Amino acid sequence: MERHLAFQRLHNFRDLGGYAAAGGAAVRWGRLYRADSLGKLRGGSGDDWERFLALGVRTVVDLRYPWEIEWRGRVPEHPSFAYHNLSVEHRPYDQARLGPEVEIGPYLAERYLEVAEDGVVELRRALELIAAGDGPLVFHCASGKDRTGLLAALVLGLLGVDDETIVADYALTELATGRLVADWSASDPGREPTWPHFGRAPGEVMRRFLDGLASRYGSLPGYAAGRLGADEALVGALRRHLLEPAPASGGDVG
């Protein structure tokens, strides 16, 4: 199966299927996708739009601020799917304007921990939508890296995917960094990022974030249970919808 889905205007659209999970299961292919901004599909026409519709997505979860949506646009409306804006981040920050002295691992991990504390209502709702099992779902933010990476880690962790796989999935955004930064530059002509790490997603960031959750809550599932109210019923629904018996060859992160 194909993890990276090729689009002309989307650069970080990935299937979360295939990963080894709890109890000898694997994450189903074609059920849960993570992406950069679907506002890039503006116009609702062309090859990208047709390929997106062919996935059969029934639910789109947009994790951006409302002002980002107003500024950059949202996925075009279509009767085949429902759209939800769940703005998980509550403390804006501008990565592009950071100075070169800012270390990426500690800085971004701390921002993710802030989102985990501030965005509990929105994260809980996102889990409910994913667990509902109404068909394929895609969630996204602007680049498909930070807010999207946090939610992907949360879902994979609750499915019983191990930390190293979660870290490796997060780091796959590194393959799209150049194109994502080029998109950003094209939309902000005359402005160049001052942070040399802008757009990057080294595994260290996710590893530090997971360690931070473990330090505060014992584990990622401990955080989800204690702060999001992710009880056995919700986790069970996630697993019924998203897991299947693992194939003999197992999953991968490529």
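Right above here is the structure, for reference.
Residues numbered from 1 in each chain as written. Predicted model: local features only at pLDDT ≥ 70, side-chain atom pairs only at ≥ 80, totals over all residues. Heavy atoms only, no water.

## Some thoughts on the overall build of the protein
- From N to C terminus, the protein includes 10 helices and seven strands.
- Computed over its C-alpha atoms, the radius of gyration of the protein comes to 17 Å, within 12% of the 18 Å expected for a compact globule of 254 residues.
- Taking the principal axes of the C-alpha coordinates as reference, the protein spans close to 50 × 45 × 35 Å.
- Per-residue burial for the protein yields a buried fraction of 54% across its 254 residues.
- Taking all contacts inside the protein whose residues are at least 6 apart in sequence as the whole, residues at least 24 apart take part in 76%. (Helix = DSSP H or I, 4+ residues; strand = E, 2+ residues; numbered from the N terminus. Rg over C-alpha atoms; globule rule 2.2 N^0.38 Å. Buried < 20%, exposed > 50% of the residue type's maximum accessible area, 1.4 Å probe, protein only. Contact = heavy atoms within 4.5 Å.)

## Considering the side chain of S87
- Take S87: it is sitting in the loop between β5 (82–85) and α3 (104–118).
- Those residues within four positions of S87 in sequence are excluded, and the remaining contacts are D62, L63, R64, Y65, P66 and E122.

## Some points on the side chain of K145
- Relative to the helices and strands, K145 resides in the loop between β6 (137–140) and α5 (147–158).
- Accessibility expressed as a relative area gives 2% for K145, which makes it buried.
- For K145, the side chain forms a polar contact with the side chain of D146, separated by 2.7 Å.
- The contacts of K145, once residues within four sequence positions are left out, are N12, R34, Q95, L108, Y112, Y170, T173, G199, R200 and A201. (Polar contact = N/O pair within 3.5 Å; in protein donor to acceptor, adjacent residues only side chain to side chain.)

## Here we look at the pattern of salt bridges
- Per the stated rule, a full pass over the model turns up 23 salt bridges.
- A salt bridge links E244 to R28; its shortest N-O distance comes to 3.5 Å. Taken together, the residues span a long stretch of sequence, with E244 in strand β7 (residues 243–245) and R28 in the loop between β2 (25–27) and β3 (32–35) at a distance of 216 residues.
- Classification of E244 by relative accessible area gives partly exposed; the value is 25%.
- A salt bridge links R227 to E117, with the nearest nitrogen and oxygen atoms 3.1 Å apart. Residue R227 is found in helix α9 (residues 220–228), and its partner E117 is found in helix α3; the two are separated by 110 residues along the sequence.
- Using a relative accessible area of 32% as the deciding quantity, one classes R227 as partly exposed. (Salt bridge = Lys/Arg side-chain N within 4 Å of Asp/Glu carboxyl O.)

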